[in-house]
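Notes for the structure review
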Amino acid sequence: MTSHTHQTHPDIIKRLNRARGHLQGVIQMIEDERPCLDIAQQLHAVEKAIQQAKRTLVQDHIDHCLEKALGPRDKAQRARVEEFKAIARYL
């Protein structure tokens, strides 16, 4: 397996590190017996941060790795790939 780094990886790492710290805060909130609504709101924020990190990683993969693997394409093939990339943003 070859290793590879994309331009977005440092940002993804930062986002995941913030989510990790935030999750530690949520654990502390539970241990401190904070209200469930407050805890649920913070868990939602952690979930969104992780979801955005995943979305960035997948989009980066599509934009770089998939493009490279597909190689040269005709106009119709490029249009289909662009459509796929556009719809993948909704994941």
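Procedures and definitions
- Per chain, residue numbering runs from 1 following the sequence as it is written.
- The model is predicted, so local features are restricted to residues of pLDDT at least 70 and side-chain atom pairs to those at 80 or more, both for listing and for counting; the totals for chains, interfaces and linings are taken over all residues.
- The basis for every side-chain value is the complete set of non-hydrogen atoms in the structure, without hydrogens or water.
- Only DSSP runs of H or I with at least four residues qualify as helices, and only runs of E with at least two residues qualify as strands; both kinds are numbered from the N terminus onward.
- In a helix, the anticipated span is given by 1.5 Å times the number of residues less one.
- Working definition for bend: take the seven residues up to and ending at a residue and the seven starting at it, fit an axis to each, and measure the angle between the axes.
- To sort residues, take the accessible area from a 1.4 Å probe on protein chains only and compare it with the maximum for the residue type: under 20% means buried, over 50% means exposed, and anything in between is partly exposed.
- Here a residue-residue contact requires only that any non-hydrogen atoms of the pair lie within 4.5 Å.

So, about helix H2 (residues 36-70). Every α-helix winds through 3.6 residues per turn, so residues three or four apart in the chain are directed the same way. Across its 35 residues, H2 extends 49 Å between first and last C-alpha, which sits within 8% of the 51 Å expected from 1.5 Å per residue. Taking the largest bend as the criterion, H2 deviates by roughly 30°, centred on isoleucine 62. Inspection of H2 places Ile39, Val46, Ala49, Ala53, Gln59, Asp60 and Ile62 among the buried residues, and these make up the whole buried set. Taken together, the buried residues of H2 touch helix H1 (9-31) and helix H3 (75-88). Glycine 71 occupies a position one or two residues after H2 and carries a positive phi of about 70°.

Attention now moves to the side chain of glutamine 59. In this structure, glutamine 59 sits in helix H2. Residue classification places glutamine 59 among the buried residues on the basis of a relative accessible area of 11%. Each residue touching glutamine 59, except ones within four places of it in the same chain, is listed here: Lys85, Ala88 and Arg89.

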